[in-house]
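# An overview of the molecular structure
The lines below spell out each chain.
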Amino acid sequence: MIKKNFKKHNVHKEASENLSIALVLNIIFNIIVISGGIFTNSVAILSDALHDLSDTISILIAWILEKFSIRKSNDNFTYGFQRLSIFGALFNSTIVLLVSMTVAYEALHRLFISQSPDASGMILIAILGIIFKGASLIRLHKGRTFNEKAISIHMLGDVFEWVALLIVSLILYFANIPILDPIASILVSVWVIYNLAKTLIASVKILLQSSPSNIDVNSLKKDLLSVNHVESIDDFHIWSLDGIENVLTSKLKLSVNSENVNGIESTLADLRKVAIGYGIDETTFEFTYLKNN
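Remember, predicted model here, so these are calculated numbers, not experimental data.

## Some remarks on the overall build of the protein
Helix and strand content of the protein: 8 helices and 3 strands. Secondary structure elements of the protein, listed N to C terminal, follow the sequence α-α-α-α-α-α-α-β-β-α-β. Counting all 293 residues of the protein, 40% fall into the buried class. Within the protein, counting contacts between residues at least 6 apart in sequence, those at least 24 apart form 75% of the total.

## Thoughts on the sheet that holds strand E1 (residues 230-240)
Judged by pairing direction, the sheet is mixed, and its 3 strands sit side by side in the order E1-E2-E3 without closing on themselves. With partners counted over all chains shown, the strands left at the sheet margins are E1 and strand E3 (280-290), one partner each. Each strand of the sheet is rotated relative to its neighbour by a mean of 15°, with strand direction disregarded. In the sheet, strand E2 (residues 246-257) pairs with E3 via 9 bridges, with the strands oriented parallel. Note on E3: the bridge partner recorded for Asn246 is Ile280. Running at roughly 140° to E1, helix H7 (residues 217-225) makes contact with E1, E2 and E3 of the sheet.

## Some details on the pattern of salt bridges
With the rule as written, the count across this model stands at 1 salt bridge. The partner of Lys253 in a salt bridge is Glu231, and the shortest N-O contact between them spans 3.8 Å. With Lys253 in strand E2 and Glu231 in strand E1, this residue pair connects regions lying 22 residues apart in the sequence. When its relative accessible area of 30% is taken as the criterion, Lys253 is described as partly exposed.

## Considering the pairing of E2
Pairing of E1 with E2 involves 9 bridges; the strand directions are antiparallel. Among the inter-strand pairings, Asp235 is bridged to a residue of E2, identified as Lys251. Hairpin connection of E1 to E2: 5 residues between the antiparallel strands, including Gly243 at a positive phi of 85°.

## Remarks on unusual backbone geometry
Notably, Gln209 is not glycine yet its phi reads approximately 60°, a positive angle. Mapping Gln209 onto the fold places it in the loop between helix H6 (180-207) and H7. Despite not being glycine, His229 has its phi angle at roughly 80°, a positive value. Counting through the fold element by element, His229 comes out in the loop between H7 and E1.

## Description of a nonpolar patch on the surface
A surface patch of nonpolar side chains, about 550 Å² in accessible area, is lined by Val163, Ile167, Ile171, Ile177, Ile179, Ile183 and Leu187. Mapped by element, the contributors of at least two residues to the nonpolar patch are helix H5 (146-174) and H6. Looking at the nonpolar patch, the element that brings in the most residues is H5, giving 3 residues. Relative to the elements of secondary structure, Ile179 occurs in the loop between H5 and H6.

## Let's talk about the side chain of Ser203
On the secondary structure map, Ser203 appears in helix H6. The exposure class assigned to Ser203 is buried, which follows from its relative accessible area of 4%. Ignoring sequence-local partners within four residues, the contact set of Ser203 consists of Ile86, Ala89 and Leu90.

Cut-off values and rules
- Residues numbered from 1 in each chain as written.
- Predicted model: local features only at pLDDT ≥ 70, side-chain atom pairs only at ≥ 80, totals over all residues.
- Heavy atoms only, no water.
- Helix = DSSP H or I, 4+ residues; strand = E, 2+ residues; numbered from the N terminus.
- Buried < 20%, exposed > 50% of the residue type's maximum accessible area, 1.4 Å probe, protein only.
- Contact = heavy atoms within 4.5 Å.
- Pairing = 2+ DSSP bridges.
- Axes fitted to C-alpha atoms, helices over the stretch in contact; angles between N-to-C directions.
- Salt bridge = Lys/Arg side-chain N within 4 Å of Asp/Glu carboxyl O.
- Patch = residues over 30% accessible without salt bridge, like charges linked within 9 Å, V, L, I, M, F, W, Y side chains within 5 Å.
- Areas by Shrake-Rupley, 256 points an atom, 1.4 Å probe, with all protein chains shown as cover.

Function cannot be read off these values alone, since they describe shape.
Structure (structure tokens):
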């Protein structure tokens, strides 16, 4: 048992180190890209800077949560502190959605105003974006915790975005087509709004204790009913604490009486096996029995 806890501590310690390095890289790059966006007069780069800033905030929150992840539950927080990540996602998604909409509005306005950005400066910043985001991705992509995996997906998306901006800036360097800059800004903003909207909706669903999206509830009920001695499901609740750890509570009617201890224990073990097969970490089963003769 001590060995298992030690391994868990090492995993989270490594994750914390990885996230802290990614955080520093993103803070440095945020300063570079905001300054560069103003200097190059590129609304596309400024809009992507806001997305990068949201990623930096996400990494910061992930890093803080990683520090709390190994803390034990207590009498006040009996389920632990996992849901802090959901509140963080809800807050970040809402703020960045509003900012992205503002940037998209400004980019639409610029479609009708001919302002040529500094293409050479855009090329330099785009290259730096690929380098910094790529370095963060390399650091996180082998991570074993959910925080690392989630952030690495953001980093991968950022690398693709900066590659797109590099292509646009190269075109602008050889051809004076200033409209490409606000078009790229609009596309980036739409991409950010779409992905953050999905995160926001998913976060709200978890807070409302909806059924986990990766679990077929009807199939789960069918498998529970197929367990020996289970006659009916009288009550059923399944939800996720944080999008990772799932919880199931259910009241079942058994076709045995309460004196059949061996039958009840066997049924309970089989029910737990079914739950584990669906990725459910915590289960509570309550039984009602046939009346004793």
